[in-house]
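# Structural features, examined
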Amino acid sequence: MKRRLVLMAAALALALALAGCAAHAPPQPASALQLPSGWRAQAAGAPAATEAHVEQLWWQAFGDPVLSDLVGEALARNGDLRVARARVQEYRARLAQADANRAPNLAFDGSPTRTRTLASSGKPYVTNVFQAELQASYEIDVWGRLASLSDAAGESYRAEQASLDAAALSIAASVATSYLNLRGLDAQLALAQSTLQLREQSRELARKQFEVGYSSRLEWLQAQSEYHAAAEQVPQLQRQIFEQENALAVLVGGNPGPIARGLPLAELAAPGVPAGLPSELLRRRPDIARAEHNLAAANASLAATRDQLLPSFKLTAVGGGQATTLTDFLHAPTALWRLTALAAGPLFDGGRVQAQTDAAGAQRDQLVYAYENVVRNAFAETENSLGAIYRLQQQAVENDARRAAAADTLRIAHNRYRNGYASYLEELDAQRTLYSADVGLLQLKTRILVASVDLYRAMGGGWSAGGGQ
């Protein structure tokens, strides 16, 4: 008995010593992340969006039901989102597996055996053994290692949910951007076709004046050149529209094909700029939530790895029956049982577990730095989107003034040409200037709409981890 007490005391001392060694996990690096107090750029000319626009279906703020339908189809049918949903299911199963490791384990086995052996006399004989056992085992999670593994699986599962939300937000923004660019190309095609009609009228006028000797052949050739230059824009824009339709059709989960149209570009309005402070990105952006959960999972995995230095304790119970005949086995088998309490721990492994702990600590540090980078990139994307809207709005004001001046210039040049005070080259130059201003107007309109989409994407679009909106 005395010897047994000495051995138990030694084992306890060893366990305490190992616990002391395992308590020293690699320290987490100090974070250098600082949140800005506000945004550098503020977009003007648009009211702040309501919370419903920010937190729910932000693409509906554009007021185009076709756009809303396309986004809805993409969220339901897009192939990348289907892959992401399958990964969420995988990590949900992993979480269930980790939780199951903390529960008792029950198992059953039966083994009828027939054996032919030799007796001591040298004569063979046959024996039958019928046996069945019920086995139960349970690991006592003294140090919380199994709980840490379960926590790590739970955080990884929530990180995958956030990844699904991030993918959904990206798909929705890509659909909105593609659709808005498509409507911008439609508007440019309509402008090119109307300009082509005007160029044709100008070419006919120049031809008639050349035939009656009122103008030179140079002016007529110049009018033909401008007509063909305008005609060249039509198939080019048609090709771009064709390709944009195919890309958008694939994005929403279908085959390449035509896309329905909703509001024209002139009736599409950029939604209000969502109000908010930089700190609100920490709860809105799913990629930040994903980085947070990955960091929490790494911390839990580090704790579980560190706890491998500590002893483990398991309880095992086995009960069953055995008989040499099937009748005895079914009616009066011999009862057998066994109870086992096991304590096991490492004594010397050459530093394997400590190396694993150091590696897990380094992985945790990497995720700390990765989290900081994700947050900083989120700030930069939001700043760039706000700045883009603000500068594009300023550019649009100047474009409006340029277009108004170009329209007046063309009107005066046309009157001077018809009345014989100027050559046709002067009117052609005014037509080019006005066409350039009109194209710039449509492109700016499209870019402002797309910049609004980029801003909603940068600010998280109201998506929260696990929401799947």
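Each remark here, short or long, concerns the structure printed above.
Thresholds, definitions, all that
- Residues numbered from 1 in each chain as written.
- Predicted model: local features only at pLDDT ≥ 70, side-chain atom pairs only at ≥ 80, totals over all residues.
- Heavy atoms only, no water.
- Helix = DSSP H or I, 4+ residues; strand = E, 2+ residues; numbered from the N terminus.
- Buried < 20%, exposed > 50% of the residue type's maximum accessible area, 1.4 Å probe, protein only.
- Contact = heavy atoms within 4.5 Å.
- Areas by Shrake-Rupley, 256 points an atom, 1.4 Å probe, with all protein chains shown as cover.
- Core = buried A, V, L, I, M, F, W, Y, C linked by side-chain atoms within 4.5 Å.
- Lys, Arg positive; Asp, Glu negative; His and termini not counted.
- Salt bridge = Lys/Arg side-chain N within 4 Å of Asp/Glu carboxyl O.
- Phe/Tyr/Trp six-rings, centres within 6.5 Å; stacked < 30°, edge-to-face > 60°.
- Patch = residues over 30% accessible without salt bridge, like charges linked within 9 Å, V, L, I, M, F, W, Y side chains within 5 Å.
- Axes fitted to C-alpha atoms, helices over the stretch in contact; angles between N-to-C directions.
- Parallel < 35°, antiparallel > 145°, perpendicular 65-115°, else oblique.
- Left-handed = near helix turned anticlockwise from the far one by under 90°.
- Nonpolar A, V, L, I, M, F, W, Y, C, P; charged D, E, K, R; others polar.

A word on the overall build of the protein. The helix and strand inventory of the protein stands at 11 helices and 5 strands. Per-residue burial for the protein yields a buried fraction of 39% across its 469 residues. In the protein, the proportion of contacts linking residues at least 24 apart, taken out of those at least 6 apart, comes to 83%. A total of about 25,500 Å² of accessible surface is found on the protein, and carbon and sulfur atoms cover 56% of it.

Trp58, Leu70, Val175, Leu180 and Leu248 are the most contacted members of the largest nonpolar core, which totals 52 residues. Tallying contributions element by element places helix α5 (residues 145–211) first for this core, with 19 residues. Those residues within four positions of Leu180 in sequence are excluded, and the remaining contacts are Phe62, Leu268, Thr446, Leu449, Val450 and Val453. Of all hydrophobic cores here, the second largest spans 10 residues; its members include Ala396, Leu444, Leu455 and Met459.

Our focus in this paragraph is the side chain of Arg203. Among the secondary structure elements, Arg203 is positioned in helix α5. Glu204 is the oppositely charged side chain nearest to the buried, salt-bridge-free Arg203, at an N-O distance of 4.3 Å. Each residue touching Arg203, except ones within four places of it in the same chain, is listed here: Trp220, Ala223, Gln224, Tyr227 and His228.

Using the criterion set out here, one finds 2 aromatic pairs in the structure. Geometrically, the ring pair formed by Trp58 and Trp59 is edge-to-face, given 5.5 Å between the ring centres and 75 degrees between the ring planes. Like Trp58, the residue Trp59 is buried in the burial classification. Judged by centre distance (5.7 Å) and plane angle (20 degrees), the ring pair of Trp58 and Tyr456 falls under stacked.

Right, let's talk about the pattern of salt bridges for a bit. Under the defined criterion, the tally for this structure stands at 19 salt bridges. One salt bridge connects Glu139 with Arg145, and the closest N-O pair in it is separated by 3.0 Å. Since its relative accessible area comes to 23%, Arg145 is described here as partly exposed. With a closest N to O distance of 3.7 Å, Arg376 and Glu372 form a salt bridge. Here Glu372 and Arg376 lie together in helix α10 (residues 352–418), a separation of 4 residues that amounts to about one turn. A relative accessible area of 6% means that Glu372 is categorised as buried. Overlapping salt bridges, with partners in common, bring together Arg183, Asp186, Glu245 and Arg261 in one network.

Attention now goes to a nonpolar patch on the surface. On the surface, Tyr138, Ile140, Val142, Trp143 and Leu315 cluster together into a nonpolar patch covering about 420 Å² of accessible area. Mapped onto the elements, Trp143 comes out in the loop between β3 (124–140) and α5. Residue Trp143 is classed as partly exposed on the basis of its relative accessible area, which comes to 34%.

In this section: the packing of α5 against helix α8 (residues 286–306). As a packed pair, α5 and α8 sit with axes 8 Å apart at the nearest point and diverge in direction by 165 degrees. Comparing the axis directions of α5 and α8 gives the class roughly antiparallel. The way α5 lies across α8 gives a crossing that is left-handed. Residues belonging to the contact of α5 with α8 are distributed by class as follows: 13 nonpolar, 6 polar and 7 charged.

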